[in-house]
Amino acid sequence: MEWMIEVCVVIGMLLMSWWILLYGKNDEKTVGKGKVPKGNSGWPLLGETLDFIASGYSSTPLTFFEKRKSLYGNVFKTCILGSNVIISTDPDVNKVVLQNHQANFVPAYPKSIRELMGEQSILKMNGTMHKKVHTLIAGFLRSPQLKARITRDIEHTVKQCLASWTSHQPIYVQDQVKKITFPVLVKVLMSVGPGEELDFLYREFAEFIKGLICLPLKFPGTRLYKSLKSKDRMVKMVRKIVEERKKVMIDNDADDEGDAVNDVLDALLRDKGDSSSSARLSPEMISQNIIEMMIPGEETLPTAMTMALKFLSDSPLALSKLQEENMELKRLKTNCSEDYAWTDYMSLPFTQNVISETLRMANIVNGIWRKSVNDIEIKGYLIPKHWCVMASLTSVHMDEKNYENPFKFDPCRWEKIGAVAGCNSFAPFGGGNRLCPGLELSRLELSIFLHHLVTTYRWVAERDEIIYFPTVKMKKKLPISVQAIST
Ligand code: HEM
């Protein structure tokens, strides 16, 4: 029954996209000197959707982009899932889109994702409200105080996870690393530690994200409906924590700037509101946002860890250099029986280069989607009002104009490229006013994971394949067999 309804809706969507194609064309439009980029709108009904998806499922996901780049140039138009889309593989155009100085772009997500986010989600909101919430969250996540404190928690979960690995059976890396990242994320967001509440969130969140890519049908029995129910249950639980925390804050009069901010929830609760963005954030909005922040945080980081391990397994030279650097730090720390500081992990140059190279090649977020709210001209290209733009990160990261021998995992290239910040051709965390607030936390977690992994185990990975669609994954979850290093 569920599938029959979904099939009917697909047909409906296709008819609608046909209608849009027939009556919604404005390709010849020009503004100033700008022209809509060249390209093809594809088949009636389907546009170029099938080609786009087929390329994503193949082992060469760039085919779709490369083919059109060679025909039409670095910026081209297409039609995917009934929407006119301009795809940019040009780092300068991408930068302007992401910077969004004139507020010409708003986020564009598929309908199922929009349905799962609340109206006041950080992922969806714009303008002063977005700026305020983004600043509060990023300010907390980047603070040295958080990094100092969370380092112990990350070390603990990493060591606990690694200790459960045995040499007798395959370890499925893709599943294992989630045991590290999820508890850390929940701790950072709302200070919930191991126990029933964490298990509840783990279960419900797994159910919730199944609805991220599905048909946008919202009635009992559909995938989206089940996901929304899971979200409701999580919000209810978080709402209780928010109310309790608020009460403690009022009782202790702990609203002052000097008090420690322990998690994202605290950071949002302490906001006093201001004239430009009006009142304080409501408990409901805070609860929703805590859950919604798990969407960009939960899937990306474990994928980065898995891909780092995959690339290192295929690059023995890089692995041995990484091991050498980390063994040296371990010796140093053992000799003076000192705890690691977060800065110890972050100051290992080769390890940081391994992380940059992993992020460049893994392309966990392959592109960033926006919708224009005005006619906009960038570098001579016209982006008409209400069109979607996809700033392709993968195309930029894998372009030989930007990186010599781009398909080679070569952490040493970063010694020459130098500072990561400010480089248009490297944007795994996006950019502009939506630059990922979890950037530094992610790098720290990756550094701690890699340190303890390479100083504890040697491993052999089974043959496995990277899948790029709908999200980056290992086909067989990356099975490895490990052997403890005797020290
Ligand atoms: C390797 C790991 C990660 C990668 C590659 C990554 C990538 C990104 C990218 C590309 C964006 C920009 C999206 C856009 O412009 O529309 C983004 C936004 C975001 N990320 Fe991350 N992310 C990672 C980890 C995390 C973590 C661990 C957290 C949470 C602690 C997080 C929280 C967020 C949030 C809340 C946003 C939305 C920011 C806004 O719209 O203002 N991310 N991320």
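Owing to the predicted nature of the structure, the values given are computational and were not obtained by experimental measurement.

As a further point, take helix 3 (residues 63–72). Here helix 3 has its buried residues at Phe64, Phe65 and Arg68. Taken down its axis, helix 3 places every buried residue within 90 degrees of arc, on the same side. Tucked into the core, helix 3 has its buried residues touching helix 2 (49–57), strand 3 (75–80), strand 4 (83–88), strand 10 (388–392) and helix 18 (393–397). Once helix 3 finishes, Gly73 follows within two positions and takes phi at roughly 105 degrees, a positive value.

Turning next to the environment of Ile376. Tracing the backbone shows Ile376 in strand 8 (residues 376–378). Its 21 C-beta neighbours within 10 Å are what place Ile376 among the buried residues. In this structure the C-alpha to C-alpha distance between Ile376 and Asn104, which are 272 residues apart in sequence, comes to 7.3 Å. Ignoring anything within four residues of it in the chain, the contact list for Ile376 reads Asn104 and Ile383.

Turning our attention to the UniProt feature "binding site: heme" (unreviewed entry) in the chain. When the UniProt feature table is mapped to this numbering, "binding site: heme" (unreviewed entry) covers Cys436. With respect to the helices and strands, the residue Cys436 is situated in the loop between helix 19 (413–417) and helix 20 (439–456). When the 19 C-beta atoms within 10 Å are taken as the criterion, Cys436 is described as partly exposed. Beyond its immediate stretch of four places on either side in the chain, Cys436 contacts Phe429 and Gly430.

Quick look at the packing of helix 15 (residues 316–335) against helix 20 now. At a minimum axis distance of 9 Å, the contact between helix 15 and helix 20 shows a crossing angle of 95 degrees. As far as their axial angle goes, helix 20 and helix 15 are roughly perpendicular. Along its contact with helix 15, which presents Leu322, Gln323, Asn326, Met327, Leu329 and Lys330, the element helix 20 presents Leu450, His451, Val454 and Thr455. Along the lines of polarity and charge, the residues of the contact of helix 15 with helix 20 split into five nonpolar, four polar and one charged.

Here we come to the sheet that holds strand 14 (residues 479–484). Pairing between sheet strands relies on hydrogen bonds along the backbone, with the strands arranged either parallel or antiparallel. Strand order in the open sheet made by the three strands is 6-14-11, with antiparallel pairing throughout. Because the sheet does not close on itself, it has two edges, and the strands there are strand 6 (171–172) and strand 11 (457–461). By the bridge criterion, two bridges tie strand 6 to strand 14 in an arrangement that is antiparallel. In the strand pairing of strand 14, Tyr172 is matched with Pro479.

About the criteria used
Residues numbered from 1 in each chain as written. Predicted model: local features only at pLDDT ≥ 70, side-chain atom pairs only at ≥ 80, totals over all residues. Buried ≥ 20, exposed ≤ 12 C-beta atoms within 10 Å, placed from the backbone. Helix = DSSP H or I, 4+ residues; strand = E, 2+ residues; numbered from the N terminus. Arc of directions from axis to C-beta. Contact = placed C-beta atoms within 7 Å. UniProt positions renumbered as here; feature names shortened; annotations may be inferred. Axes fitted to C-alpha atoms, helices over the stretch in contact; angles between N-to-C directions. Parallel < 35°, antiparallel > 145°, perpendicular 65-115°, else oblique. Nonpolar A, V, L, I, M, F, W, Y, C, P; charged D, E, K, R; others polar. Pairing = 2+ DSSP bridges.

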